[in-house]
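Structure assessment
Residues per chain are reported as follows:
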Amino acid sequence: MKFILSSVASCSNRIGYIKDIERLPGLMLETPMLLLYAKEYFTFCSIHDPAVATPYGFNDKNTISIWPRNGRKQLDPDKYMDMIEAFQPDMYQALCDGDTDLKSSKKRIHKSIDKSLMFFEKCLERHEKSEVLKKSAILGVVEGGYSIEGREKSAKYLADFPVFGYVIDGLHKNGPDVENLTFEDVREILEESLKHLPNEKFRILHGCWNPGTVLSMVELGIDAFDSSYPYTVTERGGALIFQNCINNLNIPSSATDALNAAEPVTDIELKPETSISAQSSSEPPEKKKISTQEASHAEEDKYVVSKTQGHTTESQSSRLNKIYELSLLDEKYAEDFTPLSRSCSCLTCQKHTRAYIHHLLQTHELLGPVLLTIHNLHHYMEFFKSIREAIKSNSLESLKRCVNERNDVS
Amino acid sequence: MPVIGKKTALRFQIKAKCKVSKARSSSMGVIHHEVDTPVFMPVGTQGTLKGLLPDQLEALGCQIMLGNTYHLGTRPGPSVIMKAGGLHKFMNWNRALLTDSGGFQMVSLLKLAEITEEGVKFQSPYNGSEVMLTPERSIEIQNSIGADIIMQLDDVVRTTTTGPRVEEAMLRTTRWLDRCLGAHQNAATQSIFPIVQGGLSKALRTESVKQLIQRDVPGFAIGGLSGGESKNDFWKMVHLTTDLLPEDKPRYLMGVGFAVDLVVCCALGVDMFDCVFPTRTARFGCALTCSGQLNLKQKKYAKDFQPIDEGCDCSTCERYTRAYLHTIVTVEPVACHLLSVHNIAYQLRLMLSIRESIEQQRFPEFVCKFMANIYTNKEYPQWIVDALAAVNIHLDPADPTAEN
C-alpha cells in the first residue's frame, strides 16, 4: 500500500491518501483518519488496546507483556512476528516497549528506547524474510517517554529504515486517563518526535485523546488516531455532542427541551405513586434474590457491565465531559424525549430518545451501549470528515473554536 | 391498519385448519400490527430485547413481542412511559406488544409475597415497604404502557402445589378477571386476555374455562403450565384446555418456548407462545438449530469455521463462524447480541414453517420430520408420542430390533 501526501510542503495540517491496499484494491482512504475495525478499512494491528490501561512494570530484558484473556503472556520479537504472520494484517507496528509516561525515570526511558530499537530490528528482519507479510506494511515505533534527547535518538534512528510509517508511542499507558492529558503536556515531545521523521511517511498516535487535543495533534502532523475515545465515552454512558463541524446550526442540546417535547398523555390520571414500587425513580440496586430468574438477571448485569469505566478523577472528567458529552446516566434525562443530538443523522438520533437510552443504561440493558456506540462512532467519524475539510479549506482554527465551545448542557 | 371489530381491539381469523390434528394457521389483527399465528413472541422484558435494534427485529420478521409489567412498572415507571406516549413510542417499536400482568414476577421474584383477595402484597425490594398489586392497579399500569394485548392479574400457583389452594386460586382468578375488566380504560385499543388456571386438575381446569368463557373477551391464555410439572401432565392439561376453549379465539400458552414444546402444542391447538429461553440461552453462549442446541463455549468449536447453521439466513450466520463466536461468547457483549439474532431467527423461522405446513396440509409430515431431526436415534420421549397420538399424529417408532 501507499501513503501519499497531497502536499509535502509542510509537516503540519496535512491531507494524505492511503491507496493501493493489496487486499482492498480500489479503496482509497483520506487522512487524517480514524482507525476503525470495519469492513471497508485496512486492518491495523497494534499491541495493546488503547482503551484499556496497560499495567506498569511487566516488561523485562527481552520481552514485553500483554494480557490476553487467560493471563499475562510474554512476547519477544519472534513470538510476536509468529502471531503477525498468522494474522496477516494490512498494517502493523513493530514490537516495542512503550512503558513510559510523564513520571518515568531516565533509566526507564532509556531502557524502553534501547529495547524497542532492538525489537524493531528483529521484527523488520522477520518482516523482510516473510512470504505472507509481503502485502503488509510495517511501522516503526518512536519511543523516548518525555525526554527530548530520548525522542531525538529514537526518531533519528528509525528515520532511515524502509518502513511505511511510524507509531508515536510512550506518551502514556493507555486507558481512559489519557483524556486528562492536555496538549501542552505532550506538545514538546511530539514536536521533537516528528521533527526527525521523514515528512512523507504515515504517523499514528494511539490513545483516548479528547477532540480538542486531537485537533492540535493534527496541526502538528499526525495522520491517524484510534477509536478508543468514543469507545470510552460509551462505556461511561456518555453521548458525544460537541460541535463536530464548522457550519452546524447551533441547536441547543439543553434538557429543557423535554418540557416541550413530551407527547400528549392519555386520559388516565396516573399519579406516580401508582407504580408497582412506591419509589419508582430512586435506584438502589436490587437485592440478591434466590430464584433463578433473578440470579440470571444479576449475572446479566455483571456480564454486560464487565467492561465499564476507567477511573478518571471525578472533577477532571466532569470538566471534560461538560464540553464534549452528555452523561446519559444522569436522572435529568429520565423524561427527556428529545434525541441525543438534533443535528445528527445517525440511527440512534433518528429513532430514539434520551429518555429511552437513560432507561436502558439504568437497567444495564445491552441496547444502551449499542445505541450510544452507533451515535458516538458516527459523531466522531463526522468529526474527522470535518477535520479533513477544514484542512483543505484552511479553516482548522474555526473548527477548533467550534469544537471547544462550551455546549449548554444544563 | 387491520379492521377492528366494534367492541374489541382484536380480530382473529382462521386461515387454515390441519385436517389431522388441532393445529390451525390464523391471522390476528391488533391495533399496531397484523400477527400471523401460531406465533412465538420474544420477551423484551425491560422494553428492549438483548441488544437488538427494533429495526433488526422487524427485519427478522418479528410481529409481536412482550414487555414485562413488573419490570417496566418499576423502571422507568408508568409515569415516564405515559409521558413518552406509551411503550411503543418509548422504545420505538411500531408493531404489536403484549404485556403480562406483573403477577408472576411478584410471586417468583419477591420474598414474602402474600396473596389475599385484595391482591398481591409484597415487600418493595428498594425500601422494604409494603406494596400492593391489585387487579385494578395492574390494569392501570398496563393501560399506561399501552400494549395491544394485556393480561389479567391472576392468582397463580406453582404447578407442584396441590390441595385446596389450587381451587382457591382458580376461583379467585375469575373474580380478579371481572375486576380487571371493570378497571380497563382502553377497551377500544387494548384487549384483555383472561388466564385459565386450575393446576393439574381436570375438573378445576374445566371449571375455570367454563367461567372465563362467560366473559366477553377476545382471546384466552393458559397459565400455570410452564413450571416444574411433568411433561405428561403438561400436555394433557393443554390438550384438555384447548378442547374446551372456543375455536374462534386465540389461545396463548404462557411461558412455553422450547422448540419441541412449540411443535407439540401447535398440534394441540395453541396459537401464541412466549418464552425467555432463546434470548436467555444466547447470553450463555447457546445457539439453537434444527438438530438441537450448540453450546459454543465448548472447545470443539474453537476451529469450526462453519456458521452456526448452514441453512440459516440471519445476519449472524451470514458473517460469523462458530470459531469466532466460540472466542467471544460470554466474554464480549456483542456475542449475546449475535446469538440472540440467530436464536430469534431460528424460533421465528420455526413458526413460519409450522404455519406454512398447516396451510399446505402437510403439518403431520412436518412434525414427524422435525422430531426425527431432533431425536436422530428415533427414541422419542413418551410424552411427545402420546401427545401427538392424541391428535392423530403418529411418529415412526424406533425399530425395536435395532441395537442400542
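Because the structure is a prediction, the values reported are computed rather than measured.

In this section: the overall build of chain A. The helix and strand inventory of chain A stands at 13 helices and 14 strands. Counting over 410 residues, chain A shows a buried share of 56%. For chain A, restricting intrachain contacts to residue pairs at least 6 apart in sequence, the fraction spanning at least 24 positions comes to 69%. Approximately 18,300 Å² of chain A is accessible, and the part contributed by carbon and sulfur atoms is 52%.

Here the focus is empty space enclosed by the protein. Residues and elements named next belong to chain A. Under the counting rule described, the total for this entry stands at 3 cavities of 30 Å³ or more. For the largest cavity, the calculated volume is near 300 Å³. Every residue lining the largest cavity is counted, 25 residues in all, and those nearest its centre are His-48, Thr-54, Gly-98, Asp-169 and Asn-174. Taken together, the elements giving at least two residues each to the lining of the largest cavity come down to strand 6 (64–66) and strand 10 (165–168). Classifying every residue of the lining of the largest cavity by side-chain character gives 10 nonpolar, 11 polar and 4 charged.

Let's shift gears to the pattern of salt bridges. The full count for this structure, using the stated rule, is 44 salt bridges over all chains. In this structure, the salt-bridge partner of Glu-125 of chain A is Lys-129 of chain A, at a minimum N-O distance of 3.7 Å. On the criterion of helical spacing, the pair formed by Glu-125 of chain A and Lys-129 of chain A is a turn pair, its members being 4 residues apart in helix 2 (residues 106–129). With a relative accessible area of 61%, Lys-129 of chain A lands in the exposed category. Here Glu-168 of chain B makes a salt bridge to Arg-165 of chain B, at a shortest N to O gap of 2.7 Å. With a gap of 3 residues between them, Glu-168 of chain B and Arg-165 of chain B both fall in helix 7 (residues 164–183), about one helical turn apart.

Below, the discussion takes up helix 16 (residues 382–390) of chain B. Residue and element names in this part refer to chain B. Taken as a whole, helix 16 has its buried residues at Trp-383, Ile-384, Ala-387 and Leu-388. Projected down its long axis, helix 16 shows its buried positions confined to an angular sector of 120°, all on one face. Those residues of helix 16 hidden inside the fold are in contact with helix 9 (231–244), helix 10 (259–267) and helix 15 (363–374).

We now examine the sheet that holds strand 11 (residues 191–193) of chain B. Note: strands within a sheet are paired through backbone hydrogen bonds, in either parallel or antiparallel orientation. Residues and elements named next belong to chain B. Sheet architecture is open: 4 strands sit in the order 5-6-10-11, paired in parallel fashion. The outermost strands of the open sheet, each flanked by one partner alone, are strand 5 (64–67) and strand 11. Strand-to-strand twist across the sheet, computed as the mean angle between neighbouring axes with direction ignored, equals 25°. Of the strand pairs in this sheet, strand 10 (residues 149–151) and strand 11 are connected by 3 bridges, and their pairing is parallel. Counterpart to Met-151 in the pairing with strand 11 is Phe-193. The sheet strands contacting helix 6 (residues 135–145) are strand 6 (96–99), strand 10 and strand 11, and the helix crosses strand 10 at an angle near 160°.

The next subject is the UniProt feature "active site" (unreviewed entry) in chain B. Residue and element names in this part refer to chain B. Residues annotated by UniProt as "active site" (unreviewed entry) correspond here to Asp-100 and Asp-274. Across 175 residues, the annotated set stays spatially compact, with a maximum C-alpha separation of 10.5 Å. Of note, Asp-100 is situated in the loop between strand 6 and helix 5 (103–109). With a relative accessible area of 10%, Asp-100 lands in the buried category. Those residues in contact with Asp-100 that sit more than four places away from it in its chain are Gly-67, Asn-68, Thr-69, Gln-105, Gln-142 and Met-151.

What follows covers the nonpolar core. Grouped together as the largest cluster of nonpolar side chains are 121 residues, with contacts concentrated most on Leu-253, Phe-273, Phe-363 and Met-371 of chain B. The element contributing the most residues to this core is helix 14 (residues 333–359) of chain B, with 13 residues. Lining this core are residues from two domains, each supplying at least three of them: domain 1 (11–274) and domain 2 (282–361) of chain B. Filtering out sequence-adjacent residues up to four positions away, Leu-253 of chain B remains in contact with Ile-222, Leu-225, Phe-234, Val-238, Cys-265, Val-270, Met-272, Phe-273 and Asp-274 of chain B. Tyr-80, Leu-220, Ile-323 and Tyr-380 of chain A belong to the second largest nonpolar core, which has 87 residues in total.

All names here are of chain B. The topology assignment puts Asp-274 in strand 15 (residues 272–275). In this structure Asp-274 is buried but unpaired, with Arg-280 as the nearest side chain of opposite charge at 10.0 Å. A distance of 2.7 Å separates polar atoms of two side chains, one belonging to Asp-274 and the other to Tyr-252. For Asp-274, the contacting residues outside a window of four places in its chain are Phe-40, Met-41, Val-43, Leu-66, Tyr-252, Leu-253, Met-254, Gly-255, Val-256 and Gly-257.

Residue and element names in this part refer to chain B. Considered domain by domain, chain B is made up of domain 1 (11–274) and domain 2 (282–361). Here the C-alpha centroids of domain 1 and domain 2 sit 27 Å apart. Domain 1 puts 29 residues into the contact, and the matching count from domain 2 is 17 residues. Between domain 1 and domain 2 lies a buried interface of about 1,900 Å² when both sides are counted; carbon and sulfur atoms form 71% of it. Considering only the surface of domain 1 that becomes buried against domain 2, Phe-40, Lys-50 and Leu-60 emerge as the three largest contributors, covering 29% of it. Taken together, the links from domain 1 to domain 2 amount to 1 salt bridge. Here Lys-15 makes a salt bridge to Glu-359, at a shortest N to O gap of 3.9 Å. The interface formed by domain 1 and domain 2 holds 8 residue pairs in polar contact (both at pLDDT 80 or more) in total. Mapped onto the side of domain 1 that touches domain 2, the elements with two or more residues apiece are strand 1 (10–17), strand 2 (24–30), strand 3 (34–37), strand 4 (39–42), helix 1 (54–60) and helix 10.

Rules used throughout
- Residues numbered from 1 in each chain as written.
- Chains lettered and ligands numbered in written order.
- Predicted model: local features only at pLDDT ≥ 70, side-chain atom pairs only at ≥ 80, totals over all residues.
- Heavy atoms only, no water.
- Helix = DSSP H or I, 4+ residues; strand = E, 2+ residues; numbered from the N terminus.
- Buried < 20%, exposed > 50% of the residue type's maximum accessible area, 1.4 Å probe, protein only.
- Contact = heavy atoms within 4.5 Å.
- Areas by Shrake-Rupley, 256 points an atom, 1.4 Å probe, with all protein chains shown as cover.
- 1 Å grid on protein atoms, 1.4 Å probe; cavity = no way out; pocket = protein on both sides within 12 Å on 5 of 7 lines; lining within 4 Å.
- Points joined across faces, edges and corners; volume = space filled by probe spheres on them.
- Nonpolar A, V, L, I, M, F, W, Y, C, P; charged D, E, K, R; others polar.
- Salt bridge = Lys/Arg side-chain N within 4 Å of Asp/Glu carboxyl O.
- Arc of directions from axis to C-beta.
- Pairing = 2+ DSSP bridges.
- Axes fitted to C-alpha atoms, helices over the stretch in contact; angles between N-to-C directions.
- UniProt positions renumbered as here; feature names shortened; annotations may be inferred.
- Core = buried A, V, L, I, M, F, W, Y, C linked by side-chain atoms within 4.5 Å.
- Domains from an automatic or database assignment.
- Lys, Arg positive; Asp, Glu negative; His and termini not counted.
- Polar contact = N/O pair within 3.5 Å; in protein donor to acceptor, adjacent residues only side chain to side chain.
- Buried area = accessible area lost by both parts, 1.4 Å probe.

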